[in-house]
Amino acid sequence: VIYDLAPDQLRASIVFAPDVKLSEAAAMLPICGVGLQNALGVLAPPEVGIDVGWDGTIYVNGGRCGALRMAASGTPEAEPDWLVVDLTLTLWPGSDETGLTPDETALYAEGCAEVDAVTLLEAWVRHTLVGINAWADAGTANLHREWAGLAHGLEGHMTVAGKTGAYVGLEENLGLLLKIDAETVLIPLTANLTRPARYLPAPSFLTKVTNEFSQSRPLSRVVHYRRIRVFDLGRRRPCRHCTPWVL
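Read on for an overview of the structure. In this text the structure is predicted, and so the values were computed from the model without any measurement. (Residues numbered from 1 in each chain as written. Predicted model: local features only at pLDDT ≥ 70, side-chain atom pairs only at ≥ 80, totals over all residues. Heavy atoms only, no water.)

### Comments concerning the state of the cysteines
Move 1: For the structure on display, the rule yields zero disulfides.
Move 2: We note that cysteine 65 lacks a disulfide partner, and the nearest cysteine sulfur, in cysteine 112, lies 8.2 Å from it.
Move 3: Judged by its relative accessible area of 1%, cysteine 65 is buried. (Disulfide = S-S within 2.5 Å. Buried < 20%, exposed > 50% of the residue type's maximum accessible area, 1.4 Å probe, protein only.)

### Some details on the side chain of threonine 128
Move 1: With respect to the element layout, threonine 128 can be found in helix H3 (residues 117-138).
Move 2: Classification of threonine 128 as buried rests on a relative accessible area of 1%.
Move 3: Setting aside residues no more than four positions away along its own chain, threonine 128 makes contact with Ile14, Ile31, Cys32 and Gly35. (Helix = DSSP H or I, 4+ residues; strand = E, 2+ residues; numbered from the N terminus. Contact = heavy atoms within 4.5 Å.)

### Considerations on the packing of helix H2 (residues 28-43) against H3
Move 1: For the pair H2 and H3, the least separation of the axes is 7 Å and the interaxial angle reads 130 degrees. Classified by the angle their axes make, H2 and H3 are oblique. Of the two possible hands of crossing, H2 and H3 adopt the one that is right-handed. Residue-level inspection shows Met28, Ile31, Cys32, Gly35, Leu36, Asn38, Ala39, Leu40, Val42 and Leu43 of H2 in contact with H3, the latter providing Thr119, Leu120, Ala123, Trp124, His127, Thr128, Gly131, Ile132 and Trp135. (Axes fitted to C-alpha atoms, helices over the stretch in contact; angles between N-to-C directions. Parallel < 35°, antiparallel > 145°, perpendicular 65-115°, else oblique. Left-handed = near helix turned anticlockwise from the far one by under 90°.)

### Observations concerning the packing of aromatic side chains
Move 1: Scanning the entire structure with this criterion turns up one aromatic pair.
Move 2: Between tryptophan 92 and tyrosine 108 the ring centres are 6.3 Å apart and the planes differ by 55 degrees, which places this aromatic pair in the tilted class. Linking tryptophan 92 in the loop between strand E6 (83-90) and H3 with tyrosine 108 in the loop between E6 and H3, this pair joins segments that are 16 residues apart in sequence. (Phe/Tyr/Trp six-rings, centres within 6.5 Å; stacked < 30°, edge-to-face > 60°.)

### What to know about the nonpolar core
Move 1: Formed by 61 residues in total, the largest nonpolar core has its most connected members in Leu107 and Trp124.
Move 2: For leucine 107, the residues in contact, after removing those within four places along its chain, are Leu40, Val60, Cys65, Leu89, Thr90, Leu91, Cys112 and Leu120. (Core = buried A, V, L, I, M, F, W, Y, C linked by side-chain atoms within 4.5 Å.)

### Observations regarding unusual backbone geometry
Move 1: Although it is not a glycine, asparagine 61 adopts a positive phi angle of roughly 50 degrees.
Move 2: Mapped onto the secondary structure, asparagine 61 falls in the loop between strand E4 (57-60) and strand E5 (63-72).
Move 3: Phi angles above zero are rare outside glycine, and alanine 161 is one such case at about 55 degrees.
Move 4: Its place among the elements puts alanine 161 in the loop between strand E8 (157-160) and strand E9 (163-170).

Functional significance is not addressed by these values, which are geometric in nature.
Right, dumping it as structure tokens:
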């Protein structure tokens, strides 16, 4: 678990080494979404509504507040060398003129000022690990029910991955089913992947972090290894610890 905590934003990445093909391992995105919803459900006031879009967009009381993004190596039918789910959560608005962006919000502006960002990070990872264990033991049935219940905007007409149609439902692996004209089209979870410009093996520094984490701590605990910037998904920021990944 690698994180970067700023006064106005929480950013964190969970690095996975899946032993199933990427089309199945993509379930990590909704599992992380359910984990975040459960974590905020415990820590935030009960009147605060937390939703996550099928594409990973995070909504707090209906306003966009961040996103979960996913990147991985390989192709959907192959076992990836690595998979990363990145969390970006806005803690405080970037401007006092919040009325200029009514569709965007921040966690602390929605009555969650008492939620400590580090405590939230720990809770997110803890709930996510519980979800991963449940998925590994029982498959996607329970995840399917949870995800369908909290996913934002799964109704009516929608545009996803360049396709516009009427929402039909979620298939077994949580792919999106859209009715386009007379045809039902499947958009798999892998459509949400943010692809790196160059396919690189996991850098040795990352391997060192994940190895030390798994060897020195049980997976039921959350460990802050170091406050560092390793991933910056969607941006072009160099990292002093490893070869930059442009995602």
